[in-house]
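# Overview (structure and organization)
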Amino acid sequence: MTQKLYLAKAILFFITLSLTQFLNAQNKVDVTGKVVDKDAGVPLEYATITFKDITGERAPQGGVTNFDGEFSIEVYKGTYDIQVEFISFETKIFENREITEDFSMGTISLGLDSDSLDEVVVRSETTQVEVRLDKKIYTIGKDLTTQGGTVTDALQNIPSVSVDVEGGISLRGNENVRILINGKPSAMAGFDDTNIFQQLPADAIEKVEVITSPSARYDAEGTAGILNIILKKEKTLGLNGSVQATVGIPTNNSISTNLNLRSDKFNIFNNTGVYYRKSPGNAFYDNDYISGTFDRVVEDREYDRLRKGLNTNLGIEYYITEQSSITGTFFGRWGDDEDESKSYNDRYISSDLNSQTYRNQLEGEEEETYQGAINYINNFNDEGHKLTADIQYSYDNEDKPNNIVESQTFPVDNLIDRQRVFENERQNEFLLQADYVLPKGDSQFEAGFRINTEAEKTTYTLEDFDLETEEFSINQRESYNFDYDENVFAAYTQYGNKLGEKFSFLLGLRLEHTQLKGKVYSEYLDQEALVDTIGFNFDPNFDKNYLGLFPTVNLIYEIAKEENITLGYNRRINRPRGWYINPFPSRSSRVNIFRGNPDLNPAFSNTFDLGYLKKWEKLTFNTSIYYQHETDAFERIQRDSGQRTKEDDLTIIENLPINLATEERFGGEVGAIYNPTKKLRLNGSFNFFRFVTDGSYDGEDYGTESTSWFGRFSAKYTLPAKIDIQTNGFYVGPRQNAQTESESIFSMDMALSKEVIKDKLTATFNVRDLFNSRKRKSYTVTDNFTSDSEFQWRERQMTLSLIYRFNQSREDRMRERGQRGDGNMDDGGGEF
């Protein structure tokens, strides 16, 4: 009886809700119009139209204009004061206007407000944040500390994002982040190798989307979330762009260009950069061994890295009609890098120095990357009804020759070992996707599919040097081929709507089928001997298939026009990448190797996120708390490999990724952007998190728990003579995992900038890591050894950059846009 009563109440509730929405829909009308610049006669995009009920019974309603300055807004019947405004223009108000049926306001002309022009310039120079249902969008302003820098440098200044001393990117302290370029996996993102971001120029970025609660539209990959990097593509008519030249100490020379040519039917855009950089670094290791030939080994290591190459991104957009376009893009990167490491080792028995060695490793990397893509967009109307389709192919080829020489220097001089490694990696990736969006009033339906296939082939040949014959020969036991395929087939649908004036929701479901295939084979050994050589107690060849549903829920409640609360839930997957499952070792030294684990399974996570945003005239404040539960989480461990060097009987330490049982992670973050005066801009964020892991491997317990935090603060001030100074500080708190404790890290960047020729030429002097303090210090404890280490990827760097811009003044952009000849630009057209 009770169940029937509940059912009856539920049915009555939904009938009442549906009837209410139907009656509300009948009580609404559409108001259309167009907003233009009074002097230039050109459309004003993002002008705001607000309808204020004169009775005060309804909350303000409104919307913004599109690219052509047009608007179509649905409002309730009633009497309103209508306000039309655009930043730096005078506001126009139409008082006491009765609206009872659909009608057009005609063309509304706004004149410039000269008193506000200086304030507009200030706002355009700062990074702005916009909150959507499923993401935060950071529009990159004129951040001085990234001038002449790379994409990695720019990401260091994005709230929630941290970049470690090796260039690894984390989101809220979690490294399992998916990085997209313009919404898609891309060769420009280095096939998940973030080292490429140290080659791409920062000035190519328009904005960065931080997606901690991704909707069903996005890949389910990346348990931490998604970073979507949007590249610049101008929309103004004519030829415009910029050229940037940089010189630095240590050597950091580059030239990059951003060019755009737009006509009525074509838009051609290009970003090209040429670079030549040296990045010296250093490391220190103090290792104590429980057993073995030596009780203690102290190592000083120096790194000399050379990066030189060219990258270019060329695109052509053709406007088929006013509502549809097709875009073709080509990306190419050619690199010729060289890494040299020099290791000086002191080896002790008890407290006595027994011997000293010197090791030199010279590794080259010749790389070529190509990517071609075609994008089609058809806008069925101006209300968001559209179809998009993408097809993309990427190819990457890397040759990495490696020459290793190790000698004893005390008590005698003699050659210990020589090795040569010839490694080749080739990767092909194909992507096909389509997305369909159908809005209906306040609601929106969306559906789409994606096919993403990757094929990676690795060839690895190791040659040993025979001290007696003084000749190289192939090490047949450690020369191999490894093929890895990852195929993902996905389809999704999502639905969003607005309930009342303040509450919106977006519900989605994504279905993904994943196939992971790996094959190990050798030209020298049969399969049985090869498996025995690898040393795992399972077959390293695999073919795994996973079918999963990934629901997403995103809610937003608008407390006021500039204040809201968001709540998100999503389920995600983290797939092991190629080098994580490649079972053959890669050597950083004779006694320290990294070996992939082909038995790794994907990790799955469930994440909840609660956020709050409030904007004032000069202050933007946002905060959030989050919780994540992950199964089969990845962890890297160190252990005794059970092998020893044949020359001097040293223990070989193995680094291995494993699946843990669970990881629970929870934390909170807070951020603020504050512009108290025209001369001073402040930006800060703080992120606190705690994680608890539980799991074991080969009978060893690797469970642990740790609490850490990181924060950043940026201040920009305009000095006399219109010289801008900016400082960025970054702090990472101490943290630990099952075996390693890491100390805190603090670093600071500083920059000075002066506009030499107004709106044309800007000079910037930049110092990254001002105090040369960006170093990772850690202490590792295992059953067989302890290690006290310090590592610095890149030493302090100073750069001087000159940026020349052409055809980019505000007045030119507005007038170029007016050349489109939209017509009907008479002042005061229509009823108003």
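Worth saying up front: this structure is predicted, and the values here are computed from it rather than measured. For every chain, the first residue of the written sequence is number 1, and numbering continues from 1 along that sequence. At least 70 in pLDDT is required for a residue's local features to be given in this predicted model, at least 80 for side-chain atom pairs to be given and counted, and no such filter applies to totals for whole chains, interfaces and linings, which use all residues. Computation of side-chain values: all heavy atoms of the structure, hydrogens and water removed.

### Comments concerning the packing of aromatic side chains
Centres within 6.5 Å make a pair out of two Phe, Tyr or Trp rings, where for Trp the six-membered ring is used; the pair is then stacked when the planes are under 30 degrees apart, edge-to-face when over 60, and tilted otherwise. A full pass over the atoms with the stated rule returns 20 aromatic pairs. Aromatic side chains Tyr289 and Phe785 sit 6.4 Å apart centroid to centroid with 40° between the ring planes, which places their arrangement in the tilted category. With Tyr289 in strand β18 (residues 281-289) and Phe785 in strand β47 (residues 785-792), this pair connects stretches of sequence that are 496 residues apart. Following the ring pairs from residue to residue traces out a cluster consisting of Tyr303, Phe791 and Trp793. One Lys or Arg, Arg305, reaches over the ring of Trp793 and ends 3.6 Å from the middle of that ring. Criterion for a charge above a ring: Lys NZ or Arg CZ within 6 Å of the ring centre, and within 35 degrees of the ring normal. Positioned above the aromatic ring of Tyr521 is the side chain of Lys519, whose terminal nitrogen or guanidinium carbon lies 5.3 Å from the ring centre. A run of H or I in DSSP counts as a helix once it spans at least four residues, and a run of E counts as a strand once it spans at least two, with each numbered from the N terminus.

### A short note on the pattern of salt bridges
Side-chain pairing between opposite charges can occur once the charged atoms of the two side chains come close. By definition here, a salt bridge exists when the distance from a side-chain nitrogen of Lys or Arg to a carboxyl oxygen of Asp or Glu is within 4 Å. As enumerated under the stated definition, the model contains 25 salt bridges in all. Residue Lys28 is joined to Asp442 by a salt bridge in which the shortest nitrogen-to-oxygen separation is 3.6 Å. Within this pair, whereas Lys28 is found in strand β1 (residues 28-37), its partner Asp442 is found in the loop between β23 (414-440) and β24 (443-466), the two being separated by 414 residues in sequence. Throughout this description, buried means an accessible area under 20% of the type-specific maximum (1.4 Å probe, protein chains only), exposed means over 50%, and partly exposed covers the range between. Note on Lys28: relative accessible area 18%, which makes it buried. Salt-bridge contacts for Arg575 lead to Glu221; the nearest nitrogen and oxygen are separated by 2.7 Å. One end of the pair, Arg575, is in the loop between β29 (563-574) and α5 (578-581); the other, Glu221, is in the loop between β13 (205-211) and β14 (225-231), and 354 residues separate them in sequence.

### Structural notes on the nonpolar core
With 21 residues, the main nonpolar core has Phe51 and Ile99 as its most contacted residues. Elements with a minimum of two residues in this core: β1, β2 (48-53), β4 (70-76), β5 (78-85), β6 (92-99) and β7 (103-110). We call two residues contacting when some pair of their heavy atoms lies within 4.5 Å. Setting aside residues no more than four positions away along its own chain, Ile99 makes contact with Val29, Val31, Phe51, Val75, Lys77, Gly78, Tyr80 and Ile82. Nonpolar cores were defined as sets of buried Ala, Val, Leu, Ile, Met, Phe, Trp, Tyr and Cys residues, with membership established by side-chain atoms within 4.5 Å. Grouped together as the second largest cluster of nonpolar side chains are 19 residues, Val421, Tyr580, Phe594 and Leu600 included.

### What about the pairing of strand β19 (residues 296-319)?
The two faces of the sheet receive side chains in turn, since in a regular strand these alternate between them. Here, any two strands with at least 2 DSSP bridges between them count as paired. Where strand β17 (residues 266-278) meets β19, 13 bridges bridge the pair, whose relative direction is antiparallel. Each bridged residue has a counterpart across the sheet, and for Asn267 the counterpart in β19 is Glu317. Here β18 pairs with β19 via 8 bridges, running antiparallel. Each residue of the ladder has a partner; that of Phe284, found in β19, is Asp300. Between β18 and β19, which pair antiparallel one after the other, the connecting turn spans 6 residues, and Gly292 there sits at a positive phi close to 130°. With 22 bridges connecting them, β19 and strand β20 (residues 324-349) associate as antiparallel partners. The residue of β20 that forms the bridge with Gly309 is Gly335. The antiparallel pairing of β19 with β20 creates a hairpin that spans 4 residues between the two strands.

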